[in-house]
Amino acid sequence: MGPVIEARGICKSFSIPSVRRETVREHALDFFRPRPHERLRVLEDVGFELRRGESLGIMGRNGSGKSTLLKIVAGIYAPDAGTLAVHAPLTPILELGVGWNPDLDAIDNIELLGTVMGMSLRELRTATQDILAFAELERFAHLELRHYSSGMAARLAYAVAFRAVRDVLILDEIFAVGDAGFKERCQGRYRDLHRAGHSMLLVSHEPRTIATFCKRALLLDHGRIVMDGPSAAVADRYLMLLTEAPAEHAPAAAI
Amino acid sequence: MTSVATTHVPAGHGHFGGLVWTLIRTDFKTRYHGTVGGFVWALLKPLTMFLVLLAVFSYVFASEPQYRLDLIIGLFLYEFFQEATKSGLLSLRAKGYLLTKARFPSWVVVVTSASNAAVTLALFSVVLLVFLALSGRAPTASAVALYAVYQLHYLAIVTGFSLAASVLFMRFRDLNQVWEVVTHAGFFVAPIIYPLGILPERMHGWLYLWPPTPIILFSRSVLVDGRVPSALAHALLTVEAVGILAIGALVYRARAPRVAEYL
Ligand SMILES: Nc1ncnc2c1ncn2[C@@H]1O[C@H](COP(=O)(O)OP(=O)(O)OP(=O)(O)O)[C@@H](O)[C@H]1O
Ligand SMILES: [Mg+2]
């Protein structure tokens, strides 16, 4: 069987916020001035394949473009160039801690996030209790999200996403949140899903996580894939990268 | 020349009925705080407003009973327009937290944003029809059907506007303020408190371009006066509604792929 994700030549750049014009007023006032084209190149010519049933790690320094790459793979951002084919339904777990409707309770928020992730109302009727149980938040089912602690909100989001998984799962820094017990449960669920044949894409800064959960990994630097190989070797190279140029923070160059 | 091509398999196997229902239900619940009292008030508000306005206008315009109904219809229909376009414009930003969670047909968020205003409009319409029937001026079935068709046109117009405005609002962050000024000024462009007849004939065509104008005039005409506008007038309204919806959909399609980046 062919790969579930095929990405080739993916490029992505953003206009730098300081030169973005954000209001009608700014556009009107600057109408006759030439528009400076300052863009931040975040991904350049990124290509990889995720094979069926594989768990692939992605490492890289802050700002190297990992989250941007996952959002493109998930279809949340559009690439500027390149081809991307995702051959199976995909569930992203990205920055889930933030973003709930604060005026609704957990049950309604689960329904919102669940349906957005492609679950049907019938599925959710049976899943809601499981989700609350996984997050250990049954007691807070009818509490409005505004009163949740940030950790509780994050747990709820992961519980929904783990339950919504159809085939491919992509995770951004997920094992970094929650207390030790919850982390443990997430990792257990991750192992179960992997064993059940799901394909995974996992971003982490933690060399041990990548080495434990993935056989193969990619190393992103300045928006390019600089290494694609066994996860232990990639983790070592990542640590070297950190010591090599600790001061340099910039992602890809501005043009 | 760079090539871009992306293909995805939808996670929900293409069914988003559940998403549509959840968005409408939670919008309603958020607005009325999920309490029984809030829910009852939501249902009673159009009735209460109708009765209050009726009482006040009956007193103020005692000599012109026709005027008070025209005024009430104009006020309610304009309020729908104001409220629905405002929540449509804000919809993508307000629901931005969902856009970064997964890939899904985000236009659903925009299209459902008018649901609260539409519920109010529907309740008002029921109250209005009951009042007309009780006062012995029950409109004919075809008049009611025409009125319903006008409201569908109104919804199409509001949806078209919302599709375009919601994505443009991501780039122009003061668009909501501009639109607020426009709708406030537009209140006086639409013939709500004055009859269209007091303006010179040559201006009428232009006034009809402001969508609430034809909707308000036609609705009054069929329900209160019992007069059906000409076929040409109907055709122009349909052209206007379909045109606005089509332009909105095109603007949306061009802008939507980049919306998540600007959240
Ligand atoms: N929507 C956006 N608009 C403008 N710039 C953006 C946007 N999203 C990301 N960037 C920029 O792209 C670069 C890469 O960001 P990204 O989030 O992909 O990094 P990352 O590798 O995930 O970093 P971290 O390890 O800190 O999570 C950063 O410089 C960031 O400022
Ligand atoms: Mg990141």
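Here the structure is a predicted model, which means the values were calculated and not measured. (Residues numbered from 1 in each chain as written. Chains lettered and ligands numbered in written order. Predicted model: local features only at pLDDT ≥ 70, side-chain atom pairs only at ≥ 80, totals over all residues. Heavy atoms only, no water.)

Undergrad: How should I be thinking about the overall build of chain B in this particular structure?
TA: Along chain B, the regular secondary structure elements total eleven helices and one strand. Taken over C-alpha atoms, the radius of gyration comes to 20 Å for chain B, in line with the 18 Å a tight globule of 263 residues would show. By its C-alpha atoms, chain B is 70 × 50 × 35 Å across when sized along the principal axes. Within chain B, counting contacts between residues at least 6 apart in sequence, those at least 24 apart form 76% of the total. Counting every atom, chain B has about 12600 Å² of accessible surface; 72% of that belongs to carbon and sulfur. Each charge class in chain B can be summarised by its mean position, and for the 19 positive and 11 negative side chains these summaries are 11 Å apart. (Helix = DSSP H or I, 4+ residues; strand = E, 2+ residues; numbered from the N terminus. Rg over C-alpha atoms; globule rule 2.2 N^0.38 Å. Contact = heavy atoms within 4.5 Å. Areas by Shrake-Rupley, 256 points an atom, 1.4 Å probe, with all protein chains shown as cover. Lys, Arg positive; Asp, Glu negative; His and termini not counted. Charge placed at Lys NZ, Arg CZ, Asp CG, Glu CD.)

Undergrad: Before we go on, may I ask you to explain the nonpolar core in this structure?
TA: Side chains that are nonpolar tend, in soluble globular proteins, to be buried together. Grouped together as the largest cluster of nonpolar side chains are 62 residues, with contacts concentrated most on Tyr148, Leu156, Phe162, Leu169, Ile174 and Leu202 of chain A together with Leu92 of chain B. The element that contributes the greatest number of residues to this core is helix 5 (residues 150–164) of chain A, accounting for eleven residues. In this structure, Ile174 of chain A is in contact with Tyr158, Phe162, Cys186 and Leu202 of chain A, ignoring residues within four places of it in sequence. In terms of nonpolar packing, the next biggest core, distinct from the first, is built from 49 residues, Ala143, Tyr150, Phe169 and Ile215 of chain B among them. (Core = buried A, V, L, I, M, F, W, Y, C linked by side-chain atoms within 4.5 Å. Buried < 20%, exposed > 50% of the residue type's maximum accessible area, 1.4 Å probe, protein only.)

Undergrad: Explanation requested: the site of ligand 1 in the structure shown.
TA: Taken together, 16 residues surround ligand 1, and among them Gly63, Lys66, Ser67, Thr68 and His205 of chain A come closest. One finds residues of chains A and B in close proximity to ligand 1. At a separation of 3.2 Å, an oxygen atom of ligand 1 approaches a polar backbone atom of Ser64 of chain A. Within the side chain of Thr68 of chain A, one N or O atom sits 2.6 Å away from an oxygen atom of ligand 1. (Near = heavy atom within 4 Å. Polar contact = N/O pair within 3.5 Å; in protein donor to acceptor, adjacent residues only side chain to side chain.)

Undergrad: Is there a simple way to explain the pattern of salt bridges in this structure?
TA: Any two side chains of opposite charge can pair if their charged atoms end up close together. Applying the stated criterion to the full structure yields 27 salt bridges over all chains. Across the pair Asp225 of chain B and Arg227 of chain B runs a salt bridge whose closest N-O atoms are separated by 3.7 Å. Judged by its relative accessible area of 34%, Asp225 of chain B falls in the partly exposed class. Connected through salt bridges with shared partners, the residues Lys12 and Asp80 of chain A together with Arg258 and Glu261 of chain B form a single ionic network. (Salt bridge = Lys/Arg side-chain N within 4 Å of Asp/Glu carboxyl O.)

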